[in-house]
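Given next are the chains, with one letter for each unit.
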Amino acid sequence: MAAPSDPVPSDPVPTDPWLRALKGRGAASNPQGRFETIRRHAEDDGWQHALLVEDQPRPQTVVTEEHARSVITRNDSPDIGFDRAMNPYRGCEHGCVYCFARPSHSYLNLSPGLDFETRLRAKSNFAEVLRAELAKPGYVPRPINIGSNTDVYQPIEKHRRLTRAALEVLAECRHPFTIVTKNAMIERDLDLLAPMARDGLVQIFISINSLDNQLASRLEPRASAPHRRIKAVRTLAEAGVPVGVLVAPIIPALNDRDMEAVLEQAADAGANSAGYTVLRLPHELKTLFREWLALHAPQRAEHVMSLVQQMNGGRDYDSDFATRMRGQGVFADLLRRRFEVACRKHRFGRAWELQLDVSRFVPPRAPSRQGQLF
C-alpha cells in the first residue's frame with residue numbers, strides 16, 4: 001500500500017494523433033462535462049481523417065440570451081477576499097486554458113473545453129435584476145466583486161455592454177465594488193470608475209501572469225497582451241483609480257520566472273497592491289490542461305505536472321481551502337517567499353485589503369412613468 005505522501009497516479013498526457021491547436025482558442029478539444037448523460041466516442045474510419053480535420057472550420061463564438069432571476073451570489077469561502085459577486089456572462093471568450101471556471105459550464109450541459117469559450121450565455125436583463133436586488137428592503141451593502149468567475153470585459157462586452165450597464169446602476173446607487181479583469185477594455189469605463197474612486201467606492205485588479213507575449217497568446221489567446229494590460233494599469237492609476245496586479249495563476253516551470261518582472265512593471269505603472277494564486281485544476285480542467293501541455297510544451301509537460309502535484313499533496317488538485325490558492329510544499333514556499341520579497345521592495349499592499357466605503361449607498365428608486373417629485 002502506498003504511503004499517504006506518495007503521488008496519486010493520474011491520467012497520462014494525451015497522445016491523440018488528431019489533437020491539434022486551434023488558432024485563437026485555448027482548448028483543443030470538447031470533452032464531455034461531468035453531468036452529461038450521453039457519452040460520445042469518436043472512431044477513425046480510415047478515410048484520411050487527418051486531411052478532413054485540417055479542413056474543418058475554426059469554431060465560431062455563439063452567444064445565447066439568458067434571462068437571469070438573480071445576479072448577486074454569496075460565498076463563505078475563507079480564502080476569498082469578498083463574500084458576494086456577480087457575473088453578467090457564462091463562459092469566456094478569452095479562452096484561458098487554465099481557467100478554474102471552465103468546469104462550471106458542465107452545469108449548462110456543455111463542455112468545459114471549446115464550449116466554454118465558444119458557446120456563451122449573456123444575461124440580457126442583468127442591470128434590471130441588479131437594480132431590483134439592490135432596492136430590496138433591508139438590503140445591506142458590502143463590496144461586490146464583478147468578474148469572479150468569467151471576465152466581464154471579454155470581447156463580447158464591446159457590443160453587449162452588460163458590464164457597462166451594471167456599473168451605471170452601481171454608480172447611481174453609490175455602491176462599492178471590485179473588478180478583476182485581464183482586458184484593457186476596462187479603460188472604456190473610466191468616466192464611471194474615476195468619480196467613484198474619488199469617493200472610495202472602487203478597487204480594480206488587473207491579472208497578469210507573464211510578460212511573454214508568445215506564451216500569453218497560447219495560454220490566454222483572446223485576452224489583452226501583457227504589455228497592453230500594464231498600460232491599462234498605468235491609465236487607471238493616472239486617473240486616480242486604485243489598481244492592483246494579480247499574478248495569477250502561477251504555473252510552475254512555465255511562467256513562474258516572470259513573477260518579479262510582472263510586479264516590477266506593475267509598480268512602475270502605478271499599481272498599489274498585489275496578489276497571486278497558483279494553478280488550480282479542478283474536475284475536467286485536469287484533462288484540458290494536460291492536452292494543452294502536450295500540444296504547446298511537450299518537452300516540459302512531465303516536469304510541469306510533477307511540480308503541480310508536489311504543490312497539491314501528490315494530486316493534480318487539492319481543494320483544501322487552506323492550500324488551494326497557494327499550494328503546499330517546498331516549491332510553494334519558495335513562491336511565497338519570492339512574492340513577499342518583491343512586495344516589500346515595491347511597497348505593495350495586500351490584494352483585497354483596501355477598505356471601500358459602504359456608507360454612501362443609496363437604494364435605487366423604482367422606475368416610474370410619472371418621474372420623481374423629490
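Calculation criteria
Residues numbered from 1 in each chain as written. Predicted model: local features only at pLDDT ≥ 70, side-chain atom pairs only at ≥ 80, totals over all residues. Heavy atoms only, no water. pLDDT = per-residue confidence, 0-100. Contact = heavy atoms within 4.5 Å. Helix = DSSP H or I, 4+ residues; strand = E, 2+ residues; numbered from the N terminus. Expected span 1.5 Å × (residues − 1). Buried < 20%, exposed > 50% of the residue type's maximum accessible area, 1.4 Å probe, protein only. Arc of directions from axis to C-beta. Pairing = 2+ DSSP bridges. Salt bridge = Lys/Arg side-chain N within 4 Å of Asp/Glu carboxyl O. Phe/Tyr/Trp six-rings, centres within 6.5 Å; stacked < 30°, edge-to-face > 60°. Lys NZ or Arg CZ within 6 Å of the ring centre and 35° of its normal. Axes fitted to C-alpha atoms, helices over the stretch in contact; angles between N-to-C directions. Nonpolar A, V, L, I, M, F, W, Y, C, P; charged D, E, K, R; others polar. Core = buried A, V, L, I, M, F, W, Y, C linked by side-chain atoms within 4.5 Å.

### Description of the confidence of the model for the chain
- Across the chain, the average pLDDT comes to 88, with 86% of residues at 70 or higher.
- Confidence drops under pLDDT 50 across residues 1–15; counting only partners more than four residues distant or on other chains, this segment forms 17 contacts.
- Across residues 43–52, where pLDDT falls below 50, the model places five contacts with residues more than four positions away in sequence or in other chains.

### Looking at helix 8 (residues 226–238)
- Here helix 8 contains 13 residues, and its C-alpha end-to-end distance of 19 Å stays within 8% of the 18 Å for a straight helix at 1.5 Å per residue.
- Within helix 8, burial applies to Pro226, Arg229, Ile230, Ala232, Val233 and Leu236. Burial along helix 8 is one-sided: seen end-on, the buried residues are contained in an arc of 155 degrees. Opposite the buried face of helix 8, by more than 90 degrees, sit the exposed residues His227 and Glu238.
- Buried residues along helix 8 sit in contact with helix 6 (190–198), strand 8 (202–207), helix 7 (213–219), strand 9 (243–250) and helix 9 (259–269).
- Looking one or two residues past helix 8, Gly240 carries a phi angle of roughly 85 degrees, positive in sign.

### Things to note about the environment of His227
- With respect to the element layout, His227 can be found in helix 8.
- We classify His227 as exposed; its relative accessible area is 52%.
- Linking His227 and Ile208, residues 19 residues apart in sequence, is a C-alpha distance of 9.2 Å.

### Thoughts on the pairing of strand 5 (residues 119–123)
- The sheet contact formed by strand 1 (residues 62–66) and strand 5 spans five bridges and is parallel. From the neighbouring strand, Val62 faces strand 5, where its bridge partner is Arg119.
- Pairing analysis gives two bridges linking strand 4 (residues 89–90) to strand 5, with the strands arranged antiparallel. Along strand 5, the bridge assignment pairs Arg90 with Arg121.

### Here we look at the pattern of salt bridges
- Counted under the stated rule, the structure contains 28 salt bridges.
- One salt bridge in this structure joins Arg338 and Glu260, with 2.8 Å as the shortest N-O distance. Taken together, the positions of Arg338 in helix 12 (residues 330–346) and Glu260 in helix 9 put the pair 78 residues apart, joining distant regions of the chain.
- When its relative accessible area of 18% is taken as the criterion, Arg338 is described as buried.
- Linked by salt bridges that have partners in common, Glu157, Arg164, Glu168, Arg188, Asp189 and Asp191 make up one network.

### Observations regarding the packing of aromatic side chains
- Per the stated rule, a full pass over the model turns up five aromatic pairs.
- Between Phe82 and Trp352, the aromatic rings sit 5.3 Å apart at their centres with planes inclined by 55 degrees, giving tilted as the arrangement. With Phe82 in the loop between strand 2 (73–74) and strand 3 (84–86) and Trp352 in the segment after strand 11 (349–350), this pair connects stretches of sequence that are 270 residues apart.
- A connected cluster of aromatic rings, assembled from ring pairs, spans Phe82, Phe205 and Trp352.
- A cation sits over an aromatic face here: Arg280 above Phe100, 4.4 Å from the ring centre.
- Sitting over the ring of Tyr276, Arg326 keeps its end group 4.2 Å from the ring centre.

### Details of the packing of helix 10 (residues 285–296) against helix 11 (residues 301–310)
- One can describe the packing of helix 10 onto helix 11 by two numbers: an axis separation of 9 Å at closest approach and a directional angle of 150 degrees. Two secondary-structure elements touch here, helix 10 through Phe289, Arg290 and Leu293 and helix 11 through Ala301, Val304, Met305 and Gln309.
- Each residue belonging to the contact of helix 10 with helix 11 can be placed in one class, and the counts come to five nonpolar, one polar and one charged.

### Considerations on the sheet that holds strand 6 (residues 144–146)
- Overall, mixed pairing links the eight strands, which are arranged 2-3-6-7-8-9-10-11 in an open sheet. Of all strands in the sheet, those bounded by a partner on one side alone are strand 2 and strand 11.
- In this structure, strand 2 lies alongside strand 3, joined through two bridges in antiparallel fashion. Within strand 3, the residue paired with Arg74 across the bridge is Arg84.
- With respect to the sheet, helix 5 (residues 162–173) is in contact with strand 3, strand 6 and strand 7 (177–181), its orientation differing from that of strand 7 by roughly 160 degrees.
- With respect to the sheet, helix 12 is in contact with strand 9, strand 10 (273–278) and strand 11, its orientation differing from that of strand 10 by roughly 170 degrees.

### Structural notes on the nonpolar core
- Ranked by internal contacts, the top residues of the largest apolar core, which has 90 residues, are Ile179, Leu193, Ile204 and Phe289.
- If we ignore the near neighbours within four places in the chain, the residues touching Phe289 are Val97, Ile251, Leu279, Leu281, Val304 and Met305.

### With respect to the environment of Val62
- Along the chain, Val62 falls in strand 1.
- By relative accessible area, which is 47% here, Val62 ends up partly exposed.
- Here the alpha-carbon distance between Val62 and Leu120, two residues 58 residues apart in the chain, equals 6.2 Å.
- Leave out the neighbours within four places in its chain, and Val62 touches Thr118, Arg119 and Leu120.

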